[in-house]
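# Overview (structure and organization)
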Amino acid sequence: MTPSLPADLEVLEAGDPNARIALVLHGGGGPQTVAPIVGHLASSFHTLAPTHPGWNGSSRPDDIDSVPALAAAYLDRLLADGGHDVTLVGSSIGGWIALEMAVQAAADDKYTGLIGAVIDIDGVGVVVEGEPIADFFALDARGLAEVAWHNPDRGYMDPAGFTDQQRAIQQSNGQTMAVIAGRGMSDPSLLGRLGAVNVTTLVVFGDSDRVVTPAYGRAVAAAIPGAEFAEVPAAGHLPHLENPEATWAIIDPFVARS
């Protein structure tokens, strides 16, 4: 039985409700990290950005306990809502979810026509020999800024300034991420399954990302038939936050073509 999303799933919406859907999937940092993507794509799409179950204090059904389970739940929600030719846009763990959705959709005829394109922004999820994923759970706030940002000073948030509520949410988000993505934030089988993806795909990486390197991103793109790869200059793991104009300059032509 396919896992179901909680009834109280929070979804940020923007754009024309009658336009083609772009499902924007956030990473471990939560929905606020993809807000610029939602806003930028709203001129061309009906953008939907759910808060993954368990993030920001939201409920998480027990059977949503892995990326494949969450991907299956999102696919079934899109299908039930009459989605067609949906563009999946995922950042970090969201990129992994998007790729898993594309793989699952390609394997089941009931999803034919549901997914139209994938944009993977600095996604984790695969295992690439010689390109390990940074150990997110072992990093303190300064260490995370060092690996995730081209300009670490810009990305560093001093935990001493957090409120008790912010600390609680951050801790809860980390616990949820460990359940769904695992401490290694990867699935050893995924790279070998990416050859099944049958929709146009763009893999975008910040050239300074050290959570997962551009070489890692190239390996992901090489495993997907016909996928494009592009680097965003002067950007790390969240190029849409650190260098948005350069990010849009890569994404917009792809959207226009697809």
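Thresholds applied
- Residues numbered from 1 in each chain as written.
- Predicted model: local features only at pLDDT ≥ 70, side-chain atom pairs only at ≥ 80, totals over all residues.
- Heavy atoms only, no water.
- Buried < 20%, exposed > 50% of the residue type's maximum accessible area, 1.4 Å probe, protein only.
- Helix = DSSP H or I, 4+ residues; strand = E, 2+ residues; numbered from the N terminus.
- Salt bridge = Lys/Arg side-chain N within 4 Å of Asp/Glu carboxyl O.
- Pairing = 2+ DSSP bridges.
- Axes fitted to C-alpha atoms, helices over the stretch in contact; angles between N-to-C directions.
- Contact = heavy atoms within 4.5 Å.
- 1 Å grid on protein atoms, 1.4 Å probe; cavity = no way out; pocket = protein on both sides within 12 Å on 5 of 7 lines; lining within 4 Å.
- Points joined across faces, edges and corners; volume = space filled by probe spheres on them.
- Nonpolar A, V, L, I, M, F, W, Y, C, P; charged D, E, K, R; others polar.
- Phe/Tyr/Trp six-rings, centres within 6.5 Å; stacked < 30°, edge-to-face > 60°.
- Core = buried A, V, L, I, M, F, W, Y, C linked by side-chain atoms within 4.5 Å.

### Section: unusual backbone geometry
For Asn 56, which is not glycine, the phi torsion reads 55° and is therefore positive. Taking the relative accessible area as the measure of exposure, Asn 56 reaches 32% and is therefore partly exposed. The phi dihedral of Met 185 is positive, around 50°, even though this residue is not glycine. Topologically, Met 185 is positioned in the loop between helix 6 (164-181) and helix 7 (190-193). Judged by its relative accessible area of 3%, Met 185 is buried.

### Things to note about the pattern of salt bridges
What the rule picks out here adds up to eight salt bridges. A salt bridge links Arg 218 to Glu 231, with the nearest nitrogen and oxygen atoms 2.3 Å apart. Residue Arg 218 is found in helix 8 (residues 214-223), and its partner Glu 231 is found in strand 7 (residues 228-232); the two are separated by 13 residues along the sequence. For Glu 231, a relative accessible area of 31% translates into the label partly exposed. Via salt bridges that share partners, Glu 100, Asp 187 and Arg 193 belong to a single interconnected network.

### Regarding the sheet that holds strand 4 (residues 86-91)
Read from one edge to the other, the open sheet built from seven strands follows the order 1-3-2-4-5-6-7, with strand pairing classed as mixed. Edge strands, defined here as strands with exactly one partner in the open sheet, are strand 1 (11-14) and strand 7. In this sheet, adjacent strand axes meet at a mean angle of 20° when their direction is disregarded. Inspection of the sheet shows strand 4 paired to strand 5 (residues 115-121) by six bridges, in the parallel sense. Residue pairing across strands places Ser 91 opposite Ile 121, the latter belonging to strand 5. Set on the sheet, helix 10 (residues 244-257) makes contact with strand 5, strand 6 (200-206) and strand 7; between it and strand 7 the angle comes to about 160°.

### Regarding the layout of surface pockets
Empty space within the largest pocket amounts to approximately 1,100 Å³. Around the largest pocket, the lining comprises 35 residues; the ones closest to its centre are Gly 29, Phe 136, Leu 144, Met 157 and Gln 170. When residues of the lining of the largest pocket are traced back to their parent elements, those giving at least two are helix 4 (141-148) and helix 6. The element that contributes the greatest number of residues to the lining of the largest pocket is helix 6, accounting for six residues. Its residues assigned to classes, the lining of the largest pocket comprises 20 nonpolar, 14 polar and one charged. Lining the second largest pocket are 13 residues; nearest its centre among them are Val 11, Leu 48, Arg 77, Leu 78 and Asp 81. In the lining of the second largest pocket, the residues fall into nine nonpolar, one polar and three charged.

### A few points about the packing of aromatic side chains
Taken as a whole and assessed by the stated rule, the structure comprises three aromatic pairs. On the basis of an interplanar angle of 40° and a centroid distance of 6.4 Å, the ring pair of Phe 205 and Tyr 216 is categorised as tilted. Linking Phe 205 in strand 6 with Tyr 216 in helix 8, this pair joins segments that are 11 residues apart in sequence. As far as the burial class goes, Phe 205 and Tyr 216 line up, both buried.

### Examining the nonpolar core
Counting 49 residues, the largest nonpolar core has Leu 88, Ile 97, Met 101, Ile 115 and Leu 194 as the members making the most contacts within it. Counting only elements with at least two residues in this core, the list comes to strand 2 (21-25), helix 2 (67-80), strand 4, helix 3 (93-106), strand 5, helix 6, strand 6 and helix 8. No other element matches helix 3, which puts nine residues into this core. Counting residues in hydrophobic clusters, the runner-up holds 23 residues, among them Val 24, Val 38, Phe 45 and Ile 250.

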